[in-house]
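# Per-entry structural report
Here is what each chain is made of, one letter per residue.
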There are 2 protein chains.
Amino acid sequence: MPDIVHRVGIRSTPKKVFEALSTTKGLSHWWIVGTKGSAKQGRTILFGFADMKVVESKPNKLMKWKCVRGPKEWVGTELTFQLKATKGETVVLFAHANWRKATEFMHHCSTKWATFLLSLKNWLERDEGRPAPYDVKIGVGD
Amino acid sequence: MPDIVHRVGIRSTPKKVFEALSTTKGLSHWWIVGTKGSAKQGRTILFGFADMKVVESKPNKLMKWKCVRGPKEWVGTELTFQLKATKGETVVLFAHANWRKATEFMHHCSTKWATFLLSLKNWLERDEGRPAPYDVKIGVGD
C-alpha cells in the first residue's frame, strides 16, 4: 500500500520536538490551531477535521497515531513520527502509511505534510509556525 | 516499489508550466541554477548532480524523465510531471517512482521535492523561485 514519507532535520532537542508532537498545545503551534483531546498513549487527539488515536508514544523517540475519524481516505491510515538525535539536530522521519490507493488527494496530502513538517521546524527553530488555518496554501481550494 | 508523489495547483497556464519543465532556462528558475543539455524528447538534461533522459514529452500535458546518472539511489528511477488545467489553475501531479527501498534519503528527497514544486509555483505566480543553491534548506548538510 502506498505511503507518504518525509524527513526534516530540526535544530532542537528530541525533548522539545517530542513536546511539539505529544501535547495539544504543541500541535496547535505547527499543525492545527485549537487542537483538543489528549495526545497520551491510548487517548484520542481531536484535530477538528479528524481524530487520531495515539497507538504508541515513546518519549523523545516515537509518536504513532491511527486515524479513527476524518476524510474518508484517511480513516484507518497510520501516522508515525520517529525522532533521532544526530549532528546538532533532531531528525524527524515521518510516514503517513496504509493508504488504499495513490489518489490525487494522497498526492496533495504528501505536499501538505512537507509544508507542515517545515512549519514544525520553523516553529521550533525561530518561532514561525504556520498551523492551519495560517498554513502555506498549495492550490485553489486548499 | 515505493514512490514519492506530490500535487500543487499553479495559477498559470499549462503552456507556461510546461515551459518551466521543458526548457533548461525554465528549469534553472525553480530547480537547479545553470541547468544544461536539452529537455527535448530523447535528449538528456544535465543538472550537474544528475543527468535525466527525457523519455516522454507531450506539450502542455506531460514530462517524463529517467535518471541515467546521479546519486546511486536515483539511477534508474523515473520522474513524471503530469499537467491538468482546472478551475483557474494548472494542477501538477508529480511522481518520482521506482525507488528500490524507502530509505532515509528517499524520505529526504520527498520533502525536498515538495519545496521545489512550491518553488515552481512561486516562480510562476510571483517570480519567487528558490532553485538550488538558493533552495529551502530542510536539515543540516542539505
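What this report covers is the structure whose coordinates are included nearby. (Residues numbered from 1 in each chain as written. Chains lettered and ligands numbered in written order. Predicted model: local features only at pLDDT ≥ 70, side-chain atom pairs only at ≥ 80, totals over all residues. Heavy atoms only, no water.)

Our next topic: the sheet that holds strand E2 (residues 36-37) of chain A. Residues and elements named next belong to chain A. Across the sheet, seven strands lie side by side as E1-E7-E6-E5-E4-E3-E2; this open sheet has antiparallel pairing. Each edge of the open sheet carries a strand with a single partner, namely strand E1 (4-10) and E2. Pairing between E1 and strand E7 (residues 89-97): seven bridges, direction antiparallel. Across the sheet, the residue bridging to Val8 is Val92, located in E7. Packing against the sheet, helix H1 (residues 14-22) makes contact with E1, strand E4 (51-58), strand E5 (62-69), strand E6 (78-86) and E7, and its axis sits at approximately 165 degrees to E6. Against the sheet, helix H3 (residues 104-126) engages E1, E6 and E7, with an angle of about 15 degrees to E1. (Pairing = 2+ DSSP bridges. Helix = DSSP H or I, 4+ residues; strand = E, 2+ residues; numbered from the N terminus. Contact = heavy atoms within 4.5 Å. Axes fitted to C-alpha atoms, helices over the stretch in contact; angles between N-to-C directions.)

Moving on, we get to the environment of Lys101(A). Residues and elements named next belong to chain A. Position of Lys101 among the secondary structure elements: in the loop between E7 and H3. Owing to a relative accessible area of 61%, Lys101 belongs among the exposed residues under this scheme. Placed 22 residues apart in sequence, Lys101 and Leu79 show a C-alpha to C-alpha distance of 16 Å. Not counting residues within four places of it along the chain, the set of residues in contact with Lys101 comprises Pro2 and Met106. (Buried < 20%, exposed > 50% of the residue type's maximum accessible area, 1.4 Å probe, protein only.)

Close contact between H3(A) and helix H3 (residues 104-126) of chain B brings their axes to 9 Å; oriented N to C, the two are set at 95 degrees. One element, H3(A), and the other, H3(B), form an angle in the roughly perpendicular class. Two secondary-structure elements touch here, H3(A) through Ser110(A), Thr111(A), Ala114(A), Thr115(A) and Leu118(A) and H3(B) through Ser110(B), Thr111(B), Ala114(B), Thr115(B) and Leu118(B). When the residues that make up the contact of H3(A) with H3(B) are grouped by side-chain class, the tally is four nonpolar, six polar and no charged. (Parallel < 35°, antiparallel > 145°, perpendicular 65-115°, else oblique. Nonpolar A, V, L, I, M, F, W, Y, C, P; charged D, E, K, R; others polar.)

Right, let's get into the relation of the copies chain A and chain B. With an RMSD of 0.0 Å, chain A superimposes on chain B once it is rotated by 180 degrees and translated 0.0 Å along the axis. Expressed as an axis order, the relation between the two copies is that of a two-fold axis. The C-alpha atom lying nearest the rotation axis in chain A is that of Ala114(A); the distance is 3.1 Å. A shared interface surface links the copies, since 100% of the contact residues of chain A are contact residues in chain B too. (Least-squares fit on C-alpha atoms with pLDDT ≥ 70 in both.)

What follows deals with the side chain of His6(B). Within the secondary structure, His6(B) sits in strand E1 (residues 4-10). Contacts of His6(B), omitting those with residues within four sequence positions, involve His6(A), His107(A), Ser110(A), Thr111(A), Val92(B), Leu93(B), Phe94(B), Ser110(B), Trp113(B), Ala114(B) and Leu117(B).

What follows is about the interface of chain A and chain B. Listed as interface residues are 26 residues of chain A and, on the opposing side, 26 residues of chain B. For the pair chain A and chain B, the summed buried area comes to about 2200 Å², and 59% of that belongs to carbon and sulfur atoms. Of all residues in chain A, Arg7(A), Glu104(A) and His107(A) give up the largest surface area on contact with chain B, accounting jointly for 27% of the area buried on that side. Across the contact surface, chain A and chain B share four salt bridges. Here Arg7(B) and Glu104(A) are joined by a salt bridge, their closest N and O atoms 2.8 Å apart. Here chain A and chain B share 18 residue pairs in polar contact (both at pLDDT 80 or more) between them. Those elements that place two or more of their residues in the side of chain A that touches chain B are E1, E7 and H3 of chain A. (Buried area = accessible area lost by both parts, 1.4 Å probe. Salt bridge = Lys/Arg side-chain N within 4 Å of Asp/Glu carboxyl O. Polar contact = N/O pair within 3.5 Å; in protein donor to acceptor, adjacent residues only side chain to side chain.)

Now for the pairing of E4(A). Residue and element names in this part refer to chain A. Two strands pair when backbone bridges link them, and strand E3 (residues 44-46) and E4 are joined in this way by three bridges, in the antiparallel orientation. The residue bridging Ile45 from the neighbouring strand is Met52, located in E4. Pairing between E4 and E5: seven bridges, direction antiparallel. In the strand pairing of E5, Glu56 is matched with Lys64.

Moving on, we come to the sheet that holds strand E6 (residues 78-86) of chain B. Spatially, E1-E7-E6-E5-E4-E3-E2 (chain B) is the arrangement adopted by the seven strands of the open sheet, whose pairing is antiparallel. Here the strands that pair on one side only, and so sit at the sheet edges, are E1 and strand E2 (36-37) of chain B. Here H3(A) sits on the sheet and contacts E1, E6 and strand E7 (89-97) of chain B; the angle it forms with E1(B), its principal contact strand, is near 90 degrees. Sheet strands touched by helix H1 (residues 14-22) of chain B: E1, strand E4 (51-58), strand E5 (62-69), E6 and E7 of chain B. Its angle to E6(B), the strand with the most contacts, is close to 165 degrees.

With that out of the way, let us pick up the pattern of salt bridges. All names here are of chain A. Within the structure shown, the criterion is met by 24 salt bridges over all chains. We note a salt bridge from Arg126 to Glu128, for which the minimum N-O separation is 2.5 Å. A residue is classified by how much of its surface remains accessible, and Arg126, at 45% relative accessible area, is partly exposed. Under the relative-accessibility criterion, Glu128 is labelled partly exposed at 44%. Residues joined in a network through salt bridges with shared partners are Lys112, Asp135, Lys137 and Asp142.

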